[in-house]
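A structural walkthrough
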Amino acid sequence: MMETLAIGDLAARSGVATSALRYYEREGLIRSTRTAGNQRRYLRSELRRVAFIKIAQQVGVSLEEIREALSELPEGRTPTKADWARLSARWRGRLEERILLMQRLRDQLTGCIGCGCLSLQRCNLINPADRLGARGTGPQMIVNPPD
C-alpha cells in the first residue's frame with residue numbers, strides 16, 4: 001500500500017495551510033481519499049503537486065493556469081518524470097515570458113516604465129506627452145517594450 005499523509009502532515013511538509021489544501025482539493029488541484037472516520041489522506045506524491053501550485057503562485061501564475069497544467073497529468077496514477085517533463089515543456093515559453101517581464105520590472109522600476117504618470121524627470125525624455133499610451137494601457141516600457 002502507498003504511504004499516505006494526514007492533512008496536518010501534508011501542511012507541515014509542504015508549508016501550505018490546511019485551509020489552502022482543502023481549497024486546492026475543492027478546486028480539483030489535489031486529491032485525497034477518506035478513512036472510515038472521514039479523515040482526509042493524501043498520497044505522498046501530492047506533495048509535488050502542492051509544491052508546483054505554491055511556486056507557480058509565487059511567480060504570478062493564476063490558479064486557472066495551474067489547474068489547466070495539472071489537468072494534463074494522469075488521473076489514476078502518480079505522475080512520472082516523463083509526465084512532469086511534458087508539463088514543463090509546455091510551460092517553458094510561458095515561464096520565459098514571465099522571467100523577461102520580471103527582469104524588466106527589476107531593471108526599470110526606478111526609471112520611466114511608460115505608465116503615463118510623467119512624474120519622474122526621465123519620463124519627459126522617454127515618454128513625452130505620454131506617447132506610449134497610444135500603444136496600450138499600463139506600464140508599456142515593461143509589458144510592451146520597444147524593439
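Residues numbered from 1 in each chain as written. Predicted model: local features only at pLDDT ≥ 70, side-chain atom pairs only at ≥ 80, totals over all residues. Heavy atoms only, no water.

A short note on the overall build of the protein
In terms of regular secondary structure, the protein is built from seven helices and three strands. Order of helices (α) and strands (β) in the protein, N terminus to C terminus: β-α-α-β-β-α-α-α-α-α. Taken against the 2.2 N^0.38 rule, which gives 15 Å for 147 residues, the C-alpha radius of gyration of the protein at 21 Å runs more than 25% over that of a compact globule. Viewed in the frame of its principal axes, the protein has a C-alpha envelope of about 70 × 30 × 20 Å. Burial status across the protein gives 29% buried among its 147 residues. Across the protein, the fraction of contacts at a sequence separation of at least 24, relative to all contacts at a separation of at least 6, is 51%. Of the roughly 9400 Å² of accessible surface on the protein, a fraction of 54% belongs to carbon and sulfur atoms. Put simply, the protein has 24 plus and 16 minus side-chain charges, and the middle of one group is 4 Å from the middle of the other. (Helix = DSSP H or I, 4+ residues; strand = E, 2+ residues; numbered from the N terminus. Rg over C-alpha atoms; globule rule 2.2 N^0.38 Å. Buried < 20%, exposed > 50% of the residue type's maximum accessible area, 1.4 Å probe, protein only. Contact = heavy atoms within 4.5 Å. Areas by Shrake-Rupley, 256 points an atom, 1.4 Å probe, with all protein chains shown as cover. Lys, Arg positive; Asp, Glu negative; His and termini not counted. Charge placed at Lys NZ, Arg CZ, Asp CG, Glu CD.)

A closer look at unusual backbone geometry
Leave glycine aside and you will find that most residues have negative phi; peptide bonds, for their part, are mostly trans. At leucine 118, a position not held by glycine, the phi torsion is positive, near 55°. Considering the arrangement of structural elements, one finds leucine 118 in the loop between α5 (81–108) and α6 (123–126). For leucine 118, a relative accessible area of 30% translates into the label partly exposed. Located in the positive-phi region is alanine 129, a residue other than glycine, with phi close to 55°. Considering the arrangement of structural elements, one finds alanine 129 in the loop between α6 and α7 (140–143).

A few points about the nonpolar core
Judged by nonpolar contacts, the single largest core of 24 residues is most densely connected at Leu21, Tyr24, Phe52, Ile53, Ile66, Leu70 and Trp91. Every element with two or more residues in this core is listed here: α1 (7–14), α2 (18–26), α3 (46–58), α4 (63–70) and α5. With residues up to four places along the chain from it excluded, the contact list for tyrosine 24 reads Val16, Leu29, Ile30, Ile53, Gln57 and Leu63. (Core = buried A, V, L, I, M, F, W, Y, C linked by side-chain atoms within 4.5 Å.)

Some words on the pattern of salt bridges
Inspection of every chain in the model, using the stated rule, returns 10 salt bridges. Taking the shortest distance from any N to any O, the salt bridge between arginine 40 and glutamate 25 comes out at 2.9 Å. Residue arginine 40 is located in strand β3 (residues 40–43), and its partner glutamate 25 is located in helix α2; the two are separated by 15 residues in the primary sequence. Arginine 106 is paired through a salt bridge with aspartate 107; the nearest N and O atoms lie 2.6 Å apart. With a relative accessible area of 58%, arginine 106 lands in the exposed category. Each of Glu27, Glu64 and Arg67 takes part in a single network of salt bridges with overlapping partners. (Salt bridge = Lys/Arg side-chain N within 4 Å of Asp/Glu carboxyl O.)

Some words on the side chain of glutamate 46
Structurally, glutamate 46 can be placed in helix α3. Glutamate 46 has contacts with Ile30 and Arg31, leaving out every residue within four places of it along the chain.

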